[in-house]
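The chain contents come next:
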Amino acid sequence: MKKLTNIGASDVLFNFNIYSMDEMKNLNEKDYHISFFQPTTKLAKFNRNLSITLLTVWAVCIFGFQIFLKVIEEPTPEMAYVEYQGVWNQLKSGQASDLEKQVFIKSALSVLGKVTLKPEDRVYLNAAVSHFTFELAGESQKALLGNKIEILRSAEFGKSDYPNQKADLGSLSAKLINVEPYSLEAKLLPIELAAASSSTLNTEMVEMVMAKYLIHNQSFLTDYVFLGFPFHYFYTGVFLLILFVGICLYYCIATDKAMFRLGITEE
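No experiment lies behind these values; they were computed from the predicted model shown.

What counts, and at which threshold
What you see as residue numbers is a count from 1 along each chain, following the sequence as written. With pLDDT at 70 or above as the cut-off, local features in this predicted model cover only qualifying residues; side-chain atom pairs require 80 or more to be listed or tallied, and sums for whole chains, interfaces and linings still use all residues. For the side-chain quantities, the full set of heavy atoms in the structure was used; hydrogens and water were omitted. The pLDDT value tells you how sure the predictor is about a given residue, anywhere from 0 up to 100. Secondary structure counts use DSSP, requiring at least four H or I residues in a row for a helix and at least two E residues in a row for a strand, with both numbered from the N terminus. Contact criterion: two residues are considered in contact whenever any of their non-hydrogen atoms come within 4.5 Å of each other. For every residue, the accessible area (1.4 Å probe, protein chains only) is compared with the maximum for its type, and the residue is labelled buried under 20%, exposed over 50%, or partly exposed between those bounds. Each nonpolar core is a collection of buried residues, namely Ala, Val, Leu, Ile, Met, Phe, Trp, Tyr and Cys, held together in the definition by side-chain atoms within 4.5 Å.

**Concerning the confidence of the model for the protein chain**
Any segment with low pLDDT has predicted coordinates that should not be analysed in fine detail. Averaged over every residue, the pLDDT of the protein chain is 86; the share at 70 or more is 87%. The least confident element of the protein chain is helix 1 (residues 9-14), whose mean pLDDT is 43; the most confident is helix 9 (residues 203-214), at 96. Here residues 1-17 is a poorly scored stretch, pLDDT under 50, and it has 32 contacts once near neighbours within four places are set aside; other chains count.

Quick look at the structure:
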């Protein structure tokens, strides 16, 4: 009889029925201790080597790809970041034209429209957009703009008057940044103006937030589209799952063949 107390979980997992009939005849009490790392039978050695090989393949495919992806990636700015960079120095110096202020507001709105934007980062862009929108309004429209923003803030979302208040502010702000009233910028700007808690420009934080959301690490592996997905996404989300199932299947087939070759059958 085997001493079950000497057999661990790893032994059960990796060494089930590892002895041939001839090997069983030669066993004595002290041979019942089974080790995955120091196998004593042909099947146990085969099982250990196969497990290590498949584990190595799995690790290389996962971590090797991620390391390779990290090595070849290059910071690539979006077009909105390029346009923002072209006007930012003039904005910081206070010498920017109305057109340059409009370019910045549109670039900032492309970040404010991202669902991944964190609330703490949104605060700085809202303030910057509000700052330059009021500069575009000038003295003649500053009071009108401020009044419409306060009306939208006091309007309750979901009530019948909210869309009208938003459209009213959107109509004025769309003219200030020179976009069509039905454009995405015109629909987004009133919301961001109403959400702005201040109009104080923090240039350092604006630079940090714009670079954070408009510069992405890319390579040919992220740009290449395979079966409708960016290749790195397909590889990680689809191929690695298929690989895992394939490794499990190969392990079962190879183990069965090894047991058949050694004349071992399950009871």
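**Thoughts on unusual backbone geometry**
At Asn 178, a residue that is not glycine, the phi angle is positive and equals roughly 60°. If you trace the backbone, Asn 178 turns up in the loop between helix 7 (162-176) and helix 8 (184-195). Positive phi outside glycine occurs at Leu 227, with the angle close to 55°. Residue placement: Leu 227 occurs in the loop between strand 3 (225-226) and strand 4 (229-230). Looking at Leu 227, the relative accessible area reads 62%, which means it is exposed.

**A few points about the environment of Phe 231**
Checked against the element boundaries, Phe 231 lands in helix 11 (residues 231-261). Judged by its relative accessible area of 22%, Phe 231 is partly exposed. Considering only alpha carbons, one finds Phe 231 and Phe 220, 11 residues apart in sequence, at a separation of 8.8 Å. Excluding anything up to four places from it in sequence, Phe 231 contacts Phe 65, Leu 221, Tyr 224 and Phe 226.

**Observations concerning the side chain of Ser 173**
Mapping Ser 173 onto the fold places it in helix 7. Owing to a relative accessible area of 0%, Ser 173 belongs among the buried residues under this scheme. For Ser 173, the residues in contact, after removing those within four places along its chain, are Leu 189, Pro 190 and Leu 193.

**Concerning the nonpolar core**
Formed by 42 residues in total, the largest nonpolar core has its most connected members in Phe 104, Ile 105, Val 111, Leu 145 and Met 210. Within the residue set of this core, elements represented by two or more residues are helix 4 (79-93), helix 5 (98-112), helix 6 (119-154), helix 7, helix 8 and helix 9. Among the elements that take part in this core, helix 6 stands out by supplying 10 residues, more than any other. Each residue touching Leu 145, except ones within four places of it in the same chain, is listed here: Thr 133, Phe 134, Ala 137, Leu 169, Leu 172, Leu 176 and Leu 193. Of all hydrophobic cores here, the second largest spans 12 residues; its members include Leu 50, Leu 54, Cys 61 and Phe 65.

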